[in-house]
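# Summary of the model geometry
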Amino acid sequence: MANIGIYGGTFNPPHIGHIRAACCAVSALGLQKLLLIPDRIAPHKEMPAGSPTPLQRLEMVRLCAGDDPYLEVTDMELKRDGPSYTYQTVQALKEQYPDDSLYLLIGTDMFLTFRQWKNAEYLWNNVTLGVFYRGQKDEVVAIARHKEEMEALGAKIVLIENPVVDISSTQLRRMLVMDCAGQFLTCEVEEYIRANKLYGTGENYHGLSMERLESVVTELLDPKRVKHVLGCRDTAIALAKHWGADETDAARAALLHDITKALDGKLQLTLCREYGIILDTFFTKNPKTLHALTGSLVAARIFGENEAVVSAIRSHTTGKAAMNTLEKIIYVADYMEPNRDFPGVEELRKLAFTDLDGAMKLGLEMTLTLLEKQGSEISPESREALAYLNKSL
Ligand code: FE
Ligand code: FE
């Protein structure tokens, strides 16, 4: 009699986090075999361009598993027609392995909603649940409570601590376009992705038309941020027209200004490391402002934007001393675009078309006041920007 693990997922793409989780499960549960089962993605589900076919996902999972003797990849879910449910997979595996014990591996979110799964009771009567958790305090409390409730219903549950490689597939796809996903993928999977031009890796992003740039940017942003970025683009064009700056540069800089904002602090730091940028201590302590620097790096390296665009993105959160017109426009547009709503924004909107330096100064003062109130550290560049404007105004 053997212990067999069942590890399903879209694996879009499979990454090192999946393999580490699989290894943790093998040791924690004493598995003799762990089945990696790529899920079927419903054919009507809209997939972004460059998404792999089911067979390509299967091939990537095979490459990711490599020759690990514990791991076995199966296409049983991919071959199934119609809606695909976990209980059907378990039924099929029980027939295939009648004398063995099955362990179904799931993450915290899935575990907390497990009772809503189709035929959940059948599942917990026929498998042991292996629940991955990351060890954060509130997560542990939620899991422990839920475990007790489920055990009272007869479920068998083993918790598996798996604190490693915290990256979602969505974030990984962003990192791939930015050419920074190396540390999350096995060499074989990364090569396969590039050879097959998956996830947008095959496109040359230099010199994109404005329309194409807008659609690429929209795909890379957090959906919640798209409105802000498009508002910023429209405002930047209007300000460029008014102040005689290059409208195309203004539009491109505004479209790209928050391009890395969807990446969390750790990924921003990964991007800097992959690009060979050594950061000063302010940035390492305040990763929130880092997206201006990483955004400018991505604009230059991935999108091949010119120096004016790159430098306007670079200074859009902190400002700096002696800013040029385009830099001021992007800073101010980011602050006052139509979706912004805070006390003082109307004054800023008026000033932006009558006195650009005055608008800059007001923006900086409001930011500094807020940061001081929050007890947050203020970037030396912001202080220099304000001191410069105070001297020259
Ligand atoms: Fe920003
Ligand atoms: Fe912004």
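That block above? That's the structure.
All values reported here derive from a predicted model rather than from experimental measurement.

## Considerations on the overall build of the chain
A count of helical and extended segments in the chain gives 19 helices and 6 strands. When its C-alpha atoms are laid out on the principal axes, the chain stretches across 80 × 45 × 35 Å. In the chain, buried positions account for 50% of the 393 residues. For the chain, long-range pairs separated by at least 24 residues make up 70% of all intrachain contacts whose partners lie at least 6 apart in sequence. When the accessible surface of the chain is split by element, carbon and sulfur atoms take 51% of a total near 18,800 Å². Charge centroids of the chain, computed over 43 positive and 53 negative side chains, lie 2 Å from each other.

## Some remarks on the coordination of the iron ion (ligand 1)
Distances from the iron ion (ligand 1) to its protein donors, D258 (OD), H291 (NE2) and H316 (NE2), fall at 2.2 Å. Positions of the donor residues of the iron ion (ligand 1) along the chain correspond to the pattern D-x32-H-x24-H. The iron ion (ligand 2) is placed at 3.3 Å from the iron ion (ligand 1), the two being bridged by D258. Of the two residues, H291 is situated in helix 14 (residues 290-301) and H316 in the loop between helix 15 (307-314) and helix 16 (325-336); the sequence distance between them amounts to 25 residues. A residue is classified by how much of its surface remains accessible, and H291, at 3% relative accessible area, is buried. For H316, a relative accessible area of 2% gives the class buried.

## Observations concerning the coordination of the iron ion (ligand 2)
Taken together, the protein ligands of the iron ion (ligand 2) are H228 (NE2), H257 (NE2), D258 (OD) and D334 (OD), with distances of 2.2 to 2.3 Å. Here the iron ion (ligand 2) binds 4 donor atoms, and the angle range of 80 to 170° at the metal identifies the geometry as irregular. The sequence pattern describing where the donors of the iron ion (ligand 2) fall on their chain is H-x28-H-D-x75-D.

## Comments concerning the packing of aromatic side chains
What the rule picks out here adds up to 8 aromatic pairs. For the ring pair Y205 and F303, a centre distance of 5.7 Å and an interplane angle of 55° mean the geometry is tilted. Remark: F303 occurs in the loop between helix 14 and helix 15 and Y205 occurs in the loop between helix 8 (187-195) and helix 9 (210-220); sequence separation between them is 98 residues. Measuring from centroid to centroid gives 6.0 Å for Y331 and Y335, while their planes differ by 40°, and the two rings are tilted. Of this pair, Y331 and Y335 both sit in helix 16, 4 residues apart, which is roughly one turn of the helix. Stacked on the ring of Y85, the Lys or Arg K118 has its end atom at 5.4 Å from the ring centre.

## Details of the nonpolar core
Across soluble globular proteins, you tend to see nonpolar side chains buried next to one another. Judged by nonpolar contacts, the single largest core of 100 residues is most densely connected at L34, L36, F303 and V332. It is helix 16 that provides the largest number of residues to this core, a total of 8 residues. Ignoring any residue separated from it by four or fewer positions in sequence, one finds L36 in contact with Y7, F11, V61, A65, L71, E72, V73 and T74. In this structure, I6, M76, Y97 and L123 belong to the second largest nonpolar core, which totals 27 residues.

## Considering the packing of helix 10 (residues 226-243) against helix 11 (residues 247-256)
Packing of helix 10 against helix 11 leaves a shortest axis separation of 8 Å and a crossing angle of 160°. When the axis of helix 10 is compared with that of helix 11, the two are roughly antiparallel. The interaxial crossing formed by helix 10 with helix 11 has right-handed handedness. On the side of helix 10, the interface is formed by V229, L230, C232, R233, A236, I237, A240 and K241, while helix 11 contributes E247, A250, A251, A254 and L255.

## Re the side chain of H291
Here D258 takes part through its side chain, which lies 3.0 Å from a polar atom of the side chain of H291. Not counting chain neighbours up to four residues away, the residues in contact with H291 comprise H257, D258, T260, K261, Q268, H316 and T317.

## Describing the layout of surface pockets
Empty space among the atoms becomes apparent when a probe as large as a water molecule is rolled across them. Within this model, the second largest pocket holds a volume of roughly 1,000 Å³. Around the second largest pocket, the lining comprises 35 residues; the ones closest to its centre are K261, T317, T367, L370 and L371. Listed by contribution, the elements that provide at least two residues to the lining of the second largest pocket are helix 12 (265-274), helix 16 and helix 18 (356-374). In terms of residue count, the dominant contributor to the lining of the second largest pocket is helix 18 (7 residues).

Conventions and cut-offs
- Residues numbered from 1 in each chain as written.
- Chains lettered and ligands numbered in written order.
- Predicted model: local features only at pLDDT ≥ 70, side-chain atom pairs only at ≥ 80, totals over all residues.
- Heavy atoms only, no water.
- Helix = DSSP H or I, 4+ residues; strand = E, 2+ residues; numbered from the N terminus.
- Buried < 20%, exposed > 50% of the residue type's maximum accessible area, 1.4 Å probe, protein only.
- Contact = heavy atoms within 4.5 Å.
- Areas by Shrake-Rupley, 256 points an atom, 1.4 Å probe, with all protein chains shown as cover.
- Lys, Arg positive; Asp, Glu negative; His and termini not counted.
- Charge placed at Lys NZ, Arg CZ, Asp CG, Glu CD.
- Donors = N, O, S within 2.8 Å, 3.2 Å for Na, K, Ca; no water.
- Tetrahedral: all angles 85-135°; square planar, octahedral: opposite > 155°, others 65-115°.
- Phe/Tyr/Trp six-rings, centres within 6.5 Å; stacked < 30°, edge-to-face > 60°.
- Lys NZ or Arg CZ within 6 Å of the ring centre and 35° of its normal.
- Core = buried A, V, L, I, M, F, W, Y, C linked by side-chain atoms within 4.5 Å.
- Axes fitted to C-alpha atoms, helices over the stretch in contact; angles between N-to-C directions.
- Parallel < 35°, antiparallel > 145°, perpendicular 65-115°, else oblique.
- Left-handed = near helix turned anticlockwise from the far one by under 90°.
- Polar contact = N/O pair within 3.5 Å; in protein donor to acceptor, adjacent residues only side chain to side chain.
- 1 Å grid on protein atoms, 1.4 Å probe; cavity = no way out; pocket = protein on both sides within 12 Å on 5 of 7 lines; lining within 4 Å.
- Points joined across faces, edges and corners; volume = space filled by probe spheres on them.

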